[in-house]
Amino acid sequence: MTVAAGIGYALIALGPSLSIFVSVISKKPFLILTVLSSTLLWLMSLIALSGIWRGFLPLKTTSWWPYAILILSSIAFQEVLRLLFWKIYKRLEDTLDAFADRVAKPHLFLTDKMLIALAGGLGHGVAHAVFFCISVLTPAFGPATYFVDQCSKVPFFLLSALIALAFVTIHTFSMVIAFNGYAEGNKVDEYFVPIVHVVAGVLTLINLAPGGCTVGIPLLYIVAILTLFHCGRMVWRRLLTENRISLNHS
Amino acid sequence: MESSILESIGVEIIGVMSPVSICMFLVVLLVYSLSSSSSPSSAVSDIRTAANLVYAENPSDTAAQKLEGALLNALVFVILIAIVTFLLLLLYYYNCTSFLKHYTRFSAFFVLGSMGGSIFLSLIQRFSIPVDSVTCFILLFNFTVVGVLSVFGTGIPIIVRQSYMVCLGISVAAWLTKLPEWTTWVLLVALAVYDLVAVLAPGGPLKMLVELASSRNEELPALIYEARPTTVARAGSRGGTSLGLLVTGVTAGEPSSAPSSSSSSAIELQAVSRDNKDRNVNDNLNENRDYGGNEYSVVAMGGFGGERSQGGRNDEEERSPLVGNGGGEGGIVDEERHEGNESRGGDVEIAERGIKLGLGDFVFYSVLVGRAAMYDLMTVYACYLAIISGLGCTLILLSVCRQALPALPISITLGVLFYFLTRLLMEPFIVGTATNLMMF
C-alpha cells in the first residue's frame, strides 16, 4: 500500500504535466529537447541559489523574515533567468526560421511559438515539482508517513504534492504568458508574471504559521487558477487576431 | 495544414536519448528495488571484479586510504581495458574478424546468462515470484540465445536488437553498481579521461580501430547501439542532418552576430546554401545517372570541410524526391554514402543512417545514475539531466565536427559535478525549505 501511496503523491504533483507531456510534447522531438534544456536551466539556477544560501542554512529561527528574504531573492533570480531564457529563445526562433527557409518549409506558426513557450514552462514546472516534491517523497514509499507541526492534520507529502501541483501550473502557464508578453511588448503581461510568482511564493510563507496551510493552499490555488485563466484568455485572443489577419490576407 | 519544422528537428537526438533514458531508468529501478530488500552492507561487499582487484574498500578506512585505493583500482582497470582494446585492435588488424564476432557473441551470451541471470534471481527472490528452477532456466536460456542471435544476426528486427543492447547495458551496469562508492567515482572519471585519449589522441586505440574499420568499409565487430530510425529511414536521416545544419547555422552566425542582430546568421546560411545548390546540381546528376558516380561525388564533397558538406548533403536529401529517386533507390544511396563517408565512431557517430553509441557509454552513464540512486532521488534527477545534456552537447559537437567523438567525457564530467553540487549544496537548501512547506 505504501508504494501505491507514494505513486499517488507523485501523480498528484506531476499527473497534469505528464498528460501534457504525453499528449502534446512527446510528438515533437524539438519540444522534448526544449523541456530538457529548460529543466536543466532551472536546476542550474537552483544550484546557484543554494550555493549562495548554503552558508546561512539551516535556519534555526522560527521567525518568518529570513524565509521571506530567501524566497524573494530566489524569485528575483529566477525572473532574471526567465529574461535570459527569452533572449536565448529569440535567437533560436531566428535560427529556426532561417532553417525553415532552407528546407522550404513554412516559418514557425503562432501555435508553434506557443508550444515552445509551453514546453519551456513545463520544463520549469517539472523541475520545480521534481526537486521540491518528488525528491522529498522518497520516505513516502516506506511504511510510514510524516506530519509537520504547522499543519498536523494532513500528511506532509500530500501537502507538498498539492503545493507542487499549484506551482507546476503557475510555472507552466506563466511562461506562455511571459513569452507572449515579451513578443507583443505588452506591459501588463510582462509584469503579470513576476507578480504572480512573488504572490505565490509569499503565500507559501503563510504555511509557517500554525494551521496556516488551511488558508495558504486555497489562496495558492486561486492564484494558479487565475494564471491559467489569464493564459487561456490571452491565447484565445491571439489566436482570434491571428485568424482574422490570415483571413484578411487570403 | 502543413507540418511545421518542429516535428523534423531533433529526431536523431531523441532516438539516442530515449534508449539511454530507458536504460538509466531501469537501472535506477533495479537499484532501488534490490537495495531496499537486503541490508545495505551485504549488498555492497561481495563482488570481486577487475575493477577492485587491488583494493577492497572498507567502510572504516580513512578518506585518504579510500582515495588511494580507489585511484589504484581505477588505474588497474583502465590499464586492463587499454590492453584488451589493443589486443582487439591487433586481432582486427590481422583480419581475425570472425573470431572477433564470435568473441562478441560469446561475451553477449556470458553477460546475458550470468549477470542477467543473477539479476533475475535476485528479482525473483525480492518479489518472491513462484517459479521453479527448470522453467526459469529455460526462460533464461531462450532469452540469452535470442540475444546472442540478435547481436550480429541479419534477419532480426532492429527493435529487438536495440532492446537487447539496452538489456546488455542494464545487466552490466547493475553489476557494476555493486562496486564500492569511492572506486566507482574515481573509475568513472578515469574512464572518461581514457575515452577522451583513446578516441581523440593520435595513436589512441579506439581511433585507430575506427580508422581501420572505415578504411575497410566494414562494420566494427563490437557491441554498438545503432539508433537507426525504426519507422521511416528518410525522416530520421533528415532530422540528423537538419540538426547539423541548424547547429552550423548557429555557429556560423556566432562571430558576426554577437554585436549585431542575429539576422546576419540567416544571410550567411542562405549564402552557403545557394553555393551548395549550384554545386549539387552536378552531383545530383552524377548520382542519378549511375550510383558508381556517387562515390566520386561524396569524395569531392568531403573536401569542402564540415559545414559545407553538411549543407550539400541536406540539399541532396531535399532534392532527391524532385529528381525522382525512388524510396528503395534512396536507401541504396544512403547506404553507399554511409560507407564512403564513414565518419566512423567508436563511441558516437553520425551517419546518414543514424547515430551509433557504444554500449560502454550506456553502461557507464547508468552506473553513474545507479550510484546516485543509492544516495537520494534528488541526485538521480540532477545526474540524469546532466548526463542527458552532456550527451546532447556531444551530439551537437558531432554534427559540427563529423568525426568520431568520445561520448563519456562531457557527460561524466557534468554528471559527477552535478552529483556533488547537489549533494553538498542543494540538498540542505531543498530539504530546509521544503520541509517548511515553502516553495517558489
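What you see is a predicted model; the values in this text were computed from it and never measured.

### With respect to the overall build of chain B
- If you tally the helices and strands in chain B, you get 16 helices and 3 strands.
- A buried classification covers 50% of the 440 residues belonging to chain B.
- Taking as baseline every contact in chain B between residues at least 6 positions apart, the subset at least 24 positions apart corresponds to 78%.
- A total accessible area of about 18,900 Å² is found for chain B, and carbon and sulfur atoms account for 68% of it.

### Thoughts on the overall build of chain A
- When its secondary structure is counted, chain A shows 7 helices and 0 strands.
- Its helices and strands taken in sequence order, chain A reads α-α-α-α-α-α-α from the N to the C terminus.
- Radius of gyration (C-alpha) of chain A: 20 Å, near the 18 Å computed for a compact globule of 250 residues.
- Oriented by its inertia axes, the alpha-carbon framework of chain A measures out at about 65 × 40 × 30 Å.
- By the burial criterion, 54% of the 250 residues in chain A qualify as buried.

### Observations regarding helix α5 (residues 156-184) of chain A
Residues and elements named next belong to chain A.
- Look at α5: 42 Å from first C-alpha to last across 29 residues, which is about the 42 Å you get at 1.5 Å a residue.
- With 25 of 29 residues buried, α5 lies mostly within the body of the structure.
- Taken from the residues just after α5, G185 is the one with a positive phi, measuring 75 degrees.

### Focus on the packing of helix α6 (residues 187-203) of chain A against helix α7 (residues 213-249) of chain A
Residue and element names in this part refer to chain A.
- The geometry of α6 relative to α7 is characterised by a closest axis approach of 9 Å and an angle of 165 degrees between their N-to-C directions. If you check the angle between α6 and α7, you find them roughly antiparallel. Crossing geometry of α6 relative to α7 is assigned as left-handed. Across the interface between the two elements, D189, F192, V196, V199, A200 and L203 from α6 touch G216, L219, L220, V223, T227, H230, M234 and R237 from α7.
- Across the contact of α6 with α7, the residue classes tally to 9 nonpolar, 3 polar and 2 charged.

### Considerations on the nonpolar core
- Residues L46(A), F131(A) and F440(B) are the most contacted members of the largest nonpolar core, which totals 179 residues.
- Among the elements that take part in this core, α5(A) stands out by supplying 17 residues, more than any other.

### Remarks on a nonpolar patch on the surface
- On the surface, V3(A), I7(A), L11(A), L18(A), V22(A) and F141(A) cluster together into a nonpolar patch covering about 520 Å² of accessible area.
- Its place among the elements puts V3(A) in helix α1 (residues 2-23).

### Looking at the interface of chain B and chain A
- Contacts between the two partners involve 56 residues from chain B and, on the opposite side, 66 residues from chain A.
- Buried surface at the junction of chain B and chain A, summed over both partners, amounts to about 5,700 Å²; 76% is from carbon and sulfur atoms.
- Three residues stand out in chain B for area buried against chain A, namely L437(B), M439(B) and F440(B), and they jointly supply 17% of the buried area on that side.
- Where chain B meets chain A, there are 0 salt bridges.
- Connecting chain B to chain A are 0 residue pairs in polar contact (both at pLDDT 80 or more).

### Things to note about the side chain of T422(B)
- With respect to the helices, strands and loops of the structure, T422(B) is situated in helix α16 (residues 408-434).
- Judged by its relative accessible area of 0%, T422(B) is buried.
- Once residues within four sequence positions are removed from consideration, T422(B) is found in contact with I47(A), M378(B), T379(B), A382(B) and E427(B).

### Points about the UniProt feature "transmembrane region" (unreviewed entry) in chain B
- UniProt feature "transmembrane region" (unreviewed entry): in the numbering of this structure it lies at residues 12-32, 70-94, 106-125, 131-152, 182-201, 378-398 and 404-421 of chain B.
- As annotated, residues 131-152 of chain B comprises 91% helix and 0% strand, and the C-alpha atoms at either end are separated by 32 Å.

### Regarding the environment of V188(A)
All names here are of chain A.
- Among the secondary structure elements, V188 is positioned in helix α6.
- Of the residues examined, V188 reaches a relative accessible area of 57% and is grouped as exposed.
- Along the primary structure V188 and I177 are separated by 11 residues, whereas in three dimensions their C-alpha atoms are 10.0 Å apart.

### Concerning the side chain of T184(B)
Residues and elements named next belong to chain B.
- Relative to the elements of secondary structure, T184 occurs in helix α7 (residues 181-200).
- At 2.7 Å, the side chain of T184 forms a polar contact with the backbone oxygen of P180.
- Excluding anything up to four places from it in sequence, T184 contacts L179, V367 and R371.

### A closer look at the UniProt feature "transmembrane region" (unreviewed entry) in chain A
Residue and element names in this part refer to chain A.
- Sites flagged by UniProt as "transmembrane region" (unreviewed entry) map to residues 6-25, 30-52, 64-85, 115-137, 157-179, 191-209 and 215-236.
- Secondary structure across residues 30-52 comprises 100% helix and 0% strand; the distance between its end C-alpha atoms is 33 Å.
- In this annotation, residues 115-137 is assigned 78% helix and 0% strand; the end-to-end C-alpha distance for the span is 30 Å.

Quick notes on the rules
Residues numbered from 1 in each chain as written. Chains lettered and ligands numbered in written order. Predicted model: local features only at pLDDT ≥ 70, side-chain atom pairs only at ≥ 80, totals over all residues. Heavy atoms only, no water. Helix = DSSP H or I, 4+ residues; strand = E, 2+ residues; numbered from the N terminus. Buried < 20%, exposed > 50% of the residue type's maximum accessible area, 1.4 Å probe, protein only. Contact = heavy atoms within 4.5 Å. Areas by Shrake-Rupley, 256 points an atom, 1.4 Å probe, with all protein chains shown as cover. Rg over C-alpha atoms; globule rule 2.2 N^0.38 Å. Expected span 1.5 Å × (residues − 1). Axes fitted to C-alpha atoms, helices over the stretch in contact; angles between N-to-C directions. Parallel < 35°, antiparallel > 145°, perpendicular 65-115°, else oblique. Left-handed = near helix turned anticlockwise from the far one by under 90°. Nonpolar A, V, L, I, M, F, W, Y, C, P; charged D, E, K, R; others polar. Core = buried A, V, L, I, M, F, W, Y, C linked by side-chain atoms within 4.5 Å. Patch = residues over 30% accessible without salt bridge, like charges linked within 9 Å, V, L, I, M, F, W, Y side chains within 5 Å. Salt bridge = Lys/Arg side-chain N within 4 Å of Asp/Glu carboxyl O. Buried area = accessible area lost by both parts, 1.4 Å probe. Polar contact = N/O pair within 3.5 Å; in protein donor to acceptor, adjacent residues only side chain to side chain. UniProt positions renumbered as here; feature names shortened; annotations may be inferred.

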